[in-house]
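Examination of the molecular architecture
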Amino acid sequence: KFSEPLIMGILNLTPDSFSDGGLFNRTNKAFSHIKNMIHTGADIIDVGGESTRPGSKDIPSNIEWKRLEKIVIKFKKIYPKIFLSVDTRKSEIMVKAIKNKSDLINDVSGFNYDLNAIDRIKKFNVWKVLHHMQGTPNTMQINPKYKNVLLDIYDFFEEKIQLLRNHGINHNNIIIDPGIGFGKNLKHNITLIKNISIYHSLGLPILLGMSRKKFIKDLSGSNDSILRTGGTIGSCIFAMMQG
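In this report, we go over the structure that sits alongside the text. Position numbers for residues count from 1 along each chain, tracking the sequence in the order it is written. Predicted model: local features are reported for residues with pLDDT of at least 70 only, side-chain atom pairs are reported and counted for 80 or more only, and whole-chain, interface and lining totals are derived from all residues. For side-chain calculations, the full set of non-hydrogen atoms in the structure is used, while hydrogens and water are omitted.

A run of H or I in DSSP counts as a helix once it spans at least four residues, and a run of E counts as a strand once it spans at least two, with each numbered from the N terminus. The helix and strand tally for the protein stands at eight helices and six strands. The order of helices and strands in the protein, counted from the N terminus, is β-α-β-α-β-α-β-α-β-α-β-α-α-α. When we talk radius of gyration, it's over C-alpha atoms, and the globule rule is simply 2.2 Å times the number of residues to the 0.38. Taking 2.2 N^0.38 as the reference for a compact globule, 243 residues should give roughly 18 Å; the C-alpha atoms of the protein span a radius of gyration of 17 Å, in line with that estimate. Taking the principal axes of its C-alpha atoms as reference, the protein extends roughly 45 × 40 × 35 Å. Expressed as a percentage of contacts within the protein between residues at least 6 apart in sequence, the contacts between residues at least 24 apart total 67%. Exposure was quantified through the Shrake-Rupley algorithm and a 1.4 Å probe, taking into account, for residues, occlusion by the shown protein chains and nothing else. Carbon and sulfur atoms make up 53% of the accessible area of the protein, which amounts to about 12,600 Å² in all. A gap of 5 Å separates the mean positions of the 34 positive and 22 negative side-chain charges of the protein. Here, two residues are considered to be in contact whenever any of their heavy atoms come within 4.5 Å of each other. Lys and Arg are tallied as positive, Asp and Glu as negative. Neither His nor the chain termini are counted. By convention, the point assigned to a charge is CZ for Arg, NZ for Lys, CD for Glu and CG for Asp.

A few words now on helix 2 (residues 61-78). With 18 residues, helix 2 should cover 26 Å at 1.5 Å per step; its first-to-last C-alpha distance of 25 Å lies within 8% of that length. Buried positions along helix 2 lie against strand 1 (8-12), helix 1 (27-39), strand 2 (44-48), strand 3 (83-87) and helix 3 (91-99). Multiplying 1.5 Å by the residue count of a helix minus one yields the expected span of that helix.

Right, let's get into a nonpolar patch on the surface. A contiguous nonpolar surface patch, about 520 Å² in accessible area, is contributed by Ile233, Ile237, Phe238, Met240 and Met241. Note on classification: 1.4 Å probe, protein chains only; a residue is buried when its accessible area is under 20% of the maximum for its type, exposed when over 50%, partly exposed between these limits. We classify Phe238 as partly exposed; its relative accessible area is 38%. Patch members must show over 30% relative accessible area and no salt bridge, and they are joined within 9 Å when carrying like charges or within 5 Å when they are nonpolar side chains of Val, Leu, Ile, Met, Phe, Trp or Tyr. In the sections that follow, a salt bridge refers to a side-chain nitrogen of Lys or Arg positioned within 4 Å of a carboxyl oxygen of Asp or Glu.

A few words now on the pattern of salt bridges. Summed over the entire model, instances satisfying the criterion amount to nine salt bridges. For Glu64, the salt bridge is made with Lys90, and the minimal N-O distance between the two is 2.6 Å. Residue Glu64 is located in helix 2, and its partner Lys90 is located in the loop between strand 3 and helix 3; the two are separated by 26 residues in the primary sequence. Judged by its relative accessible area of 0%, Glu64 falls in the buried class. A residue is classified by how much of its surface remains accessible, and Lys90, at 5% relative accessible area, is buried. In this structure, the salt-bridge partner of Glu92 is Lys96, at a minimum N-O distance of 3.6 Å. With Glu92 and Lys96 both in helix 3 and four residues apart, the pair spans about one turn of that helix. Connected via shared salt-bridge partners are Glu50, Asp58, Glu64, Arg89 and Lys90.

Turning our attention to the pairing of strand 1. Within strand 1, four of the five residues are buried, which leaves the element mostly enclosed by the surrounding structure. Each pair of strands is called paired provided DSSP finds at least two bridges between the two strands. Relative to strand 2, strand 1 runs parallel, the two being bridged by five bridges. Bridge assignment links Ile10 to a residue of strand 2, and that residue is Asp46.

The subject of this paragraph is the packing of helix 1 against helix 2. Between two packed helices, both the angle of their axes relative to each other and the distance between the axes serve to describe the pair. Fitted lines through C-alpha atoms give the axes, limited to the stretch in contact for helices. The angle between two N-to-C directions lies from 0 to 180 degrees. At a minimum axis separation of 11 Å, helix 1 and helix 2 run at an interaxial angle of 45°. Put simply, helix 1 runs oblique to helix 2. Considering only the axes of helix 1 and helix 2, their crossing is right-handed. Residues Thr27, Ala30, Phe31 and Ile34 of helix 1 lie in contact with helix 2, whose contacting residues are Lys70, Ile71, Lys74, Phe75 and Ile78. Of the residues assigned to the contact of helix 1 with helix 2, the class counts are six nonpolar, one polar and two charged. An angle below 35 degrees is treated as roughly parallel, one above 145 as roughly antiparallel, one from 65 to 115 as roughly perpendicular, and anything else as oblique. Put simply, a crossing is left-handed when the front helix is turned counterclockwise from the back one by less than a right angle, and right-handed when it is turned clockwise. Polarity classes work like this: nonpolar for Ala, Val, Leu, Ile, Met, Phe, Trp, Tyr, Cys and Pro, charged for Asp, Glu, Lys and Arg, and polar for all others, with Gly in that last group.

Once that is clear, we can look at the sheet that holds strand 3. Sheets are built from strands paired through backbone hydrogen bonds, the pairs being either parallel or antiparallel. A sheet is described by the order of its strands in space; here six strands give the open sequence 1-2-3-4-5-6, paired in parallel fashion. Of all strands in the sheet, those bounded by a partner on one side alone are strand 1 and strand 6 (174-177). Averaged over neighbouring strand pairs, the angle between their axes works out to 25° when direction is ignored. Relative to strand 6, strand 5 (residues 127-131) runs parallel, the two being bridged by four bridges. Looking across to strand 6, one finds that Leu130 is bridged to Ile176. Lying over the sheet, helix 1 contacts strand 1 and strand 2, oriented at roughly 170° with respect to strand 1. Against the sheet, helix 2 makes contact with strand 1, strand 2 and strand 3, and its axis sits at roughly 170° relative to strand 3, the strand it touches most.

Our focus in this paragraph is the packing of helix 5 (residues 149-166) against helix 6 (residues 186-194). Relative orientation of the contacting elements helix 5 and helix 6 amounts to 70°, with a least axis distance of 9 Å. With respect to their mutual orientation, helix 5 and helix 6 come out roughly perpendicular. Together, Val149, Leu150 and Ile153 of helix 5 and His188, Thr191 and Leu192 of helix 6 make up the contact between the two elements. Class assignment for the residues of the contact of helix 5 with helix 6 results in four nonpolar, two polar and no charged.

Below, the structure written as structure tokens:
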């Protein structure tokens with residue numbers, strides 16, 4: 001239920017994610033982290049096996065699934081009432097995740113990476129995050145440009161929502177994410193956060209990934225901290241004040 005703000009806890013099962021790569025790759029450490037995130041307020045756990053930090057490279061599906069497999073298969077047996085999100089761009093991984101009772105598919109490419117993705121998951125009644133990214137993780141931070149970042153992304157959402165509808169995907173099962181830090185510079189990110197309420201008119205829940213992002217470092221300068229807690233909390237509260 002999205003009538004009030006929910007917290008998504010992130011579990012990166014990768015060796016190279018930007019803030020916690022390699023920390024939770026073992027199953028026992030991963031579930032300890034999941035338990036801690038739920039205990040401290042996470043309503044959704046988002047699990048990813050491929051880093052999408054700036055400059056990251058693609059990995060094969062078999063390696064990505066090998067990283068995810070034990071966690072995804074066991075998750076609902078341990079936490080049947082916690083919302084499970086799987087962060088992947090590959091339809092093969094999406095289908096495996098859904099068959100293991102995942103509730104949400106979070107594709108940072110906006111279903112542009114794998115052209116089979118929409119057709120392969122449209123029959124499943126799961127939530128889907130429609131995420132905006134300019135370029136790919138490997139190229140997205142190389143001089144990103146927009147005519148108007150707010151309206152360009154708004155147009156992207158409108159077109160993609162219509163595409164999903166054309167494929168028979170239920171409008172009520174879509175979440176939109178403007179992709180803070182995904183093909184955006186500091187000005188783009190701040191403009192999006194400042195005006196995030198514009199996207200309410202699309203009538204869908206909004207997901208914002210702002211935790212520990214580089215825009216906080218850009219603002220903090222020499223006062224930047226490892227966890228960037230102040231910038232994370234401040235930006236989240238500011239977004240919540242906009243609904």
